[in-house]
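Reading the structure
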Amino acid sequence: MDALNSGGCLREEALKREKEEKETGGSSKKAKTCWDSDLAVASATPLISRRNKSRWDETPTTIPEDYQYFGALLQNEEEEDEEKLSPEKQKELKIMKLLLVVKNGTPPQRKTALIELTDKTREFIAGPLFNNALKVVNQCVSTEGVEADYIRNNILPDFFRNFWVRRMALDMRNYRQLVDTTVEIANKVGVGDVVGRLVEYLKDESEQYRRMAMETIGKVVAKLGVSAIDAYLEELLVDGILYASQEQTSYDDNVMLNGFAAVVNALGERIKPYLRQIYGTINWRLGNRSPKVRQQAADLVSMIAVVMKQCHEEQLMARLGVLLYEHLGDMEHPEFQGSILGALKAIVDLIGMTLMTPSMKENLLPRLTFILKIRHERVQENCIDLVGRIADRRAEFVPQREWMRICFQLLEMLQSHNNGIQRATVNAFEYISKAIGPQHVLATLLNNLMVQDRRNRVCTTVAVAIVAKMIQS
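An account of the accompanying structure is given in this report.

1. What to know about the pattern of salt bridges
A complete count under the given rule lists 21 salt bridges for this structure. Notably, a salt bridge pairs Glu313 with Lys272, separated by 3.1 Å at the nearest N-O pair. In this pair, Glu313 sits in the loop between α16 (291–310) and α17 (314–326) while Lys272 sits in the loop between α14 (255–267) and α15 (275–286), placing the two residues 41 residues apart along the sequence. On the basis of relative accessible area, Glu313 is assigned to the buried category, the value being 10%. Through salt bridges with shared partners, one network takes in Lys345, Glu381, Asp385 and Arg423.

2. A look at the side chain of Thr425
Tracing the sequence through the fold places Thr425 in helix α22 (residues 419–436). Looking at Thr425, its side chain comes within polar contact range of the main-chain oxygen of Ile421, at 2.7 Å. Contact partners of Thr425, with chain neighbours within four places excluded, come to Ile384, Leu410, Met413 and Leu414.

3. Overview of unusual backbone geometry
Leave glycine aside and you will find that most residues have negative phi; peptide bonds, for their part, are mostly trans. Its identity as a non-glycine residue notwithstanding, His312 has a phi of 60°, on the positive side. Tracing the backbone through its elements, the reader meets His312 in the loop between α16 and α17. Exposure remark for His312: the relative accessible area of 61% places this residue in the exposed category.

4. Things to note about the packing of helix α21 (residues 400–413) against helix α23 (residues 438–448)
Remark: α21 packs on α23, axes separated minimally by 11 Å, with the N-to-C direction vectors making an angle of 45°. Put simply, α21 runs oblique to α23. When the axes of α21 and α23 are compared, the crossing they make is right-handed. Where α21 approaches α23, its residues Gln400, Met404, Cys407, Phe408 and Leu411 are matched on the opposing element by His440, Val441, Thr444, Leu445 and Asn448. By residue class, the composition of the contact of α21 with α23 is 6 nonpolar, 4 polar and no charged.

5. As for the packing of helix α9 (residues 148–163) against helix α10 (residues 172–189)
For the pair α9 and α10, interaxial distance at closest approach is 10 Å and the crossing angle is 155°. Taken together, the axes of α9 and α10 are roughly antiparallel relative to one another. The hand of the α9/α10 crossing is left-handed. For the pair formed by α9 and α10, the contact residues are Ala148, Ile151, Arg152, Leu156, Phe159, Phe160 and Phe163 on the first element and Leu178, Thr181, Thr182, Ile185, Lys188 and Val189 on the second.

6. Comments concerning helix α24 (residues 454–472)
Helix length check: α24 (19 residues) gives 27 Å between terminal C-alpha atoms against 27 Å at 1.5 Å per residue, within 8%. Buried within α24 we find Cys459, Thr460, Ala463, Val464, Ile466, Val467 and Met470. Angular distribution of buried residues about the axis of α24 spans 160°; they occupy a single face of the element. Away from its buried face, by an angle of more than 90 degrees, α24 presents the exposed residues Arg454, Lys469 and Gln472. Where α24 is buried, its residues touch α21, α22 and α23.

7. Details of the nonpolar core
Grouped together as the largest cluster of nonpolar side chains are 121 residues, with contacts concentrated most on Trp164, Ile271, Leu368 and Trp403. Take this core: its biggest share by element is 9 residues, from helix α18 (residues 334–351). Discounting chain neighbours no more than four positions away, the residues touching Leu368 are Leu341, Cys383, Leu386, Val387 and Ile390.

About the criteria used
- Residues numbered from 1 in each chain as written.
- Predicted model: local features only at pLDDT ≥ 70, side-chain atom pairs only at ≥ 80, totals over all residues.
- Heavy atoms only, no water.
- Salt bridge = Lys/Arg side-chain N within 4 Å of Asp/Glu carboxyl O.
- Helix = DSSP H or I, 4+ residues; strand = E, 2+ residues; numbered from the N terminus.
- Buried < 20%, exposed > 50% of the residue type's maximum accessible area, 1.4 Å probe, protein only.
- Polar contact = N/O pair within 3.5 Å; in protein donor to acceptor, adjacent residues only side chain to side chain.
- Contact = heavy atoms within 4.5 Å.
- Axes fitted to C-alpha atoms, helices over the stretch in contact; angles between N-to-C directions.
- Parallel < 35°, antiparallel > 145°, perpendicular 65-115°, else oblique.
- Left-handed = near helix turned anticlockwise from the far one by under 90°.
- Nonpolar A, V, L, I, M, F, W, Y, C, P; charged D, E, K, R; others polar.
- Expected span 1.5 Å × (residues − 1).
- Arc of directions from axis to C-beta.
- Core = buried A, V, L, I, M, F, W, Y, C linked by side-chain atoms within 4.5 Å.

Pasting the structure below:
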């Protein structure tokens with residue numbers, strides 16, 4: 001109002017001087033200059049009515065974390081002209097600006113922005129409004145000073161009722177934002193309150209909805225642990241992940257697998273009463289027709305082997321080793337073979353070969369030397385790793401002559417361009433040298449230096465250096 005009054009007074013004074021000049025008959029240059037000056041000042045006065053902007057229109061102060069959720073808005077203000085954007089983009093940016101004001105603005109600005117959001121809900125449409133609202137729920141929940149009890153009592157019920165619905169799982173952007181926001185809420189209010197609400201969704205009819213619940217639970221327990229989960233909720237949780245895993249029909253990614261493994265590993269020794277049931281699920285899935293299902297079953301063994309060892313279930317692990325051994329040699333599905341080898345490697349690394357069946361002790365290594373011929377990087381790397389584990393843990397089960405034959409096969413692996421295969425081969429040579437004595441390995445390698453093939457001689461030289469380094473250490 002002061003600006004308006006000031007501009008009005010200046011105009012009145014300029015008009016008054018012009019009238020006096022006309023009455024005196026003089027039109028001096030000085031008066032004209034004064035008129036022009038006063039008019040210029042009045043025109044430059046920042047009138048609110050001319051700008052036609054509401055209280056919230058100025059972007060409030062931002063913090064570095066805001067760029068994660070409002071980066072598009074802040075970047076647009078710096079680089080682009082809003083008028084050049086499409087109507088949909090303008091609407092989305094307007095929603096983002098309103099929500100940023102609600103988050104960071106002053107109390108009057110927040111009130112004005114909330115009123116506009118409420119009045120224009122239908123114009124904004126639910127989709128864009130929900131997409132951006134989740135961002136604010138996330139930066140607000142993590143803000144210092146927001147008490148856990150307030151979130152638990154005033155935000156959590158409405159949040160799950162309005163956002164945790166099936167349609168949110170169908171759009172990947174909504175899916176991702178909802179998972180991240182729920183994890184942030186759990187970080188504030190604790191595991192029990194969030195997992196207790198999510199566990200029922202693991203048995204929902206929609207598979208995509210179950211996947212979203214499984215991924216969220218997996219991230220929450222991996223980050224925060226399960227100390228706040230009581231025995232009753234633990235039973236519901238294990239039953240839920242088993243159901244969701246068994247009812248899975250899409251295997252395009254490892255969301256269910258990672259979530260299942262995260263829960264098992266987080267529970268630790270508390271999972272012991274359920275391991276027999278998990279073993280039955282793995283056994284059933286290893287016999288499935290789909291190679292992808294069998295592969296995920298083998299991958300699960302690799303991911304939970306450490307927990308099984310912590311629960312002192314060595315006999316169960318040995319039985320799993322026999323199951324995996326029976327699936328070795330499937331030449332048509334190398335990815336599945338790579339997973340089988342990885343699972344066997346995890347078991348042998350933890351319990352050795354002592355508990356394995358006699359036929360497996362005698363025949364495992366010869367079968368591995370045959371599998372080494374499969375030209376698949378994951379198969380070769382896991383196979384060489386497994387050979388090294390056997391040499392390190394139970395070399396006495398294999399004759400010295402067999403180990404020497406394996407050394408010659410490993411020489412070819414040193415030619416690989418894959419760093420993982422080269423690393424596994426180097427480690428295997430060290431283990432074999434320790435098992436049968438470096439002198440035997442060196443004698444064979446030195447004789448191999450006389451072959452004509454140059455690449456073979458180079459690889460043999462590398463192997464000699466590896467064994468020599470082991471002797472020095």
